[in-house]
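# What the coordinates show
Here is how the chains run, residue by residue.
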Number of protein chains: 2
Amino acid sequence: MNRANRGMNLTQQVADTLGNAIINGKYGAHNPVPSEAVLCEQLQVSRSAAREAVKSLAAKGLITSRARQGIRVLPESEWNLFDADVLRWMRDSNPSLELLREFTELRVAVEPEAAMLAAQLQDHEKITLIGQALDRMKDAETGLDDPLESDIAFHLSILNASGNRFFMQLGRIIDTTLRVSIRFTNRRTGVNAGVHADHKKIYDAIVDRQPELAAKQASNLMSATLSTILSALEENSSANKA
Amino acid sequence: MNRANRGMNLTQQVADTLGNAIINGKYGAHNPVPSEAVLCEQLQVSRSAAREAVKSLAAKGLITSRARQGIRVLPESEWNLFDADVLRWMRDSNPSLELLREFTELRVAVEPEAAMLAAQLQDHEKITLIGQALDRMKDAETGLDDPLESDIAFHLSILNASGNRFFMQLGRIIDTTLRVSIRFTNRRTGVNAGVHADHKKIYDAIVDRQPELAAKQASNLMSATLSTILSALEENSSANKA
DNA sequence: TATATAGTATTTATATGATAATATCGCTTT
DNA sequence: AAAGCGATATTATCATATAAATACTATATA
């Protein structure tokens, strides 16, 4: 089962194993998932554990499980991309630029709106947290803090300051994927002083109660990120043609 | 258990019953959810059914379930608003304008971006579907089609034409909530000829390959919707003060 | 009195076996 | 060839038992 076993209970371990296998394409239309009974034998767990794992994956949209039909892998369009596990499995097993692009398109839409709402709402407590994340980014420039974690903290703090529950929840998913995205973007463009400065523009606009400007600054930042990804995709496709 | 029983299996019925009860506030910090054993008795189901329902609700972020601790209701901030069930329960039990506002803020962010991508991608098959939904909206003006369903179909078809998997998946959630939102907005502003015309502007921009314009038109439409909700919220709060 | 420690009880986690419901397949009948 | 029917495999549900985790309690110790 290749269990990582880090605090996960048996059901979660089984779900993790199966989920990874499905997303890797080990099971699919032509290679159906074995029946519950067979799964128990293969993974050496009880039916309870196997069943609960199967239910879990069904809830995530990966499979259906019906009597006499067995366990069927659903088409990828049914997979719930807003589930942190699904996203993590996809991220790890199939780290495609394509998924990263689509994800960034979502951020292009969401983050400027969140910055705008934060500037309108003026929740000082939460705006303070944005400032603290920004300070961490500055420290990261001189190696005093982690550039990845501080960058993530900044973006999440803006979503949290929006006061919008949907945006806040997107934060969790964004967290999962940012850990790949930022690493990728920084590798391509280099971590330089500009990063902190660009983020500061957003923070300043929020503090100055300028919603439109905050949205604009966030939009600029996200567009730049998207451009980086798009040009990488261009390179890949031209490389494939050659 | 008050089971609707419409095609749902036992586990789903239990989850539905419990989910509704939790969101209605029947269980909470001071009224913890009974232990699995008690739930079995109360709902007259086996331990398996109760357990799988509990697992399901835990996956949705409503509860945690740990040994000796029992089943605890999590704070509302943990509830997964991107789960169709959770959203439906909240919508039905607590149809607050506040939630509708936050949801519309999400749409304000997402739908213009989706329209822009649709105009860029030019997937003719999917753009045709937008046109068909628009035709249905026109029919709805003369009573030949359902205004609610056609309106929903239009917005979903744009998300689908974006080619972005995250936007497409948001469609499902939007579907759930639009069934309240559109009814509310139409009740306030009246269903008039302007509705079809405003939607057509988006469609035309997509067909004409004008991404910026498509985004702008979608933004106008969504902003108007949000304004309607915001003014209703104003009225409520001033009515409460009086 | 305060704090640490071991023990106890409660609850979920996992395992096992049995029965019910149901979708699929093949056979029969018309 | 189509429709109906029964056999069969598989999940759904139930029932029960044991293990593991953990909050609470009582006791001992400083």
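Structure's up top.
Residues numbered from 1 in each chain as written. Chains lettered and ligands numbered in written order. Predicted model: local features only at pLDDT ≥ 70, side-chain atom pairs only at ≥ 80, totals over all residues. Heavy atoms only, no water.

Time to look at the relation of the copies chain B and chain A. Rotating chain B by 180° and translating it 0.1 Å along the rotation axis places it on chain A, where the RMSD comes to 0.1 Å. Viewed as a symmetry operation, the transformation between the two copies matches a two-fold axis. No C-alpha of chain B approaches the rotation axis more nearly than that of A109 of chain B, which lies at 2.5 Å. Most of the interface of chain B is mirrored in chain A, where 100% of its interface residues are also at the interface. (Least-squares fit on C-alpha atoms with pLDDT ≥ 70 in both. Contact = heavy atoms within 4.5 Å.)

Next up on the list: the nonpolar core. Counting 125 residues, the largest nonpolar core has L170 and I206 of chain A together with I206 of chain B as the members making the most contacts within it. Once residues within four sequence positions are removed from consideration, I206 of chain B is found in contact with A115, A118, A119, Q122, I127, I130, I158 and A214 of chain B. (Core = buried A, V, L, I, M, F, W, Y, C linked by side-chain atoms within 4.5 Å. Buried < 20%, exposed > 50% of the residue type's maximum accessible area, 1.4 Å probe, protein only.)

Residues and elements named next belong to chain A. By the element assignment, I202 lies in helix α9 (residues 193-207). Between the C-alpha atom of I202 and that of I158, which follows or precedes it by 44 residues, the distance is 9.3 Å. Other than its neighbours up to four places away in sequence, I202 contacts A115, F154, I158, A214, Q217, A218 and L221. (Helix = DSSP H or I, 4+ residues; strand = E, 2+ residues; numbered from the N terminus.)

Relative to the assigned elements, T11 of chain B resides in helix α1 (residues 10-23). A residue is classified by how much of its surface remains accessible, and T11 of chain B, at 10% relative accessible area, is buried. Within the local environment of T11 of chain B, its side chain forms a polar contact with the side chain of E52 of chain B, the two groups lying 3.3 Å apart. T11 of chain B has contacts with K55 of chain A together with A49, E52 and A53 of chain B, leaving out every residue within four places of it along the chain. (Polar contact = N/O pair within 3.5 Å; in protein donor to acceptor, adjacent residues only side chain to side chain.)

Take the pattern of salt bridges next. Following the criterion strictly, the structure yields 40 salt bridges over all chains and no others. With a closest N to O distance of 2.9 Å, R165 of chain B and E76 of chain A form a salt bridge. Here the residue R165 of chain B occupies a position in helix α8 (residues 165-189), and E76 of chain A occupies one in the loop between β2 (70-73) and α4 (84-93), the pair thus bridging two chains. Where D85 of chain B meets R88 of chain B, a salt bridge forms, and the shortest distance between an N and an O atom there is 2.6 Å. Here D85 of chain B pairs with R88 of chain B, and both are found in helix α4 (residues 84-93), just three residues apart, close to one helical turn. Judged by its relative accessible area of 26%, D85 of chain B falls in the partly exposed class. What you see here is one network of salt bridges that share partners, running through D16, K60, D83, D85 and R88 of chain A. (Salt bridge = Lys/Arg side-chain N within 4 Å of Asp/Glu carboxyl O.)

It is worth spelling out the protein's contact with DNA strand D at this point. Close to DNA strand D lie 21 residues, the nearest being R51, S65 and R68 of chain A together with L10 and S48 of chain B. In DNA strand D, atoms within 4 Å of the protein come 70% from sugar and phosphate. For DNA strand D, a phosphate oxygen lies 2.7 Å from a polar atom in the backbone of S65 of chain A. Within the side chain of Q69 of chain B, an N or O atom sits 3.2 Å from a phosphate oxygen of DNA strand D. Breaking the surface near DNA strand D down by element, the ones donating at least two residues are β1 (63-66) and β2 of chain A together with α1 and α3 (47-59) of chain B. Among the elements that line the surface near DNA strand D, the one with the most residues is α3 of chain B, at three residues. Per-class residue counts for the surface near DNA strand D are six nonpolar, eight polar and seven charged. (Near = heavy atom within 4 Å. Nonpolar A, V, L, I, M, F, W, Y, C, P; charged D, E, K, R; others polar.)

Such coordinate-based values are descriptive only and should not be taken to indicate function.
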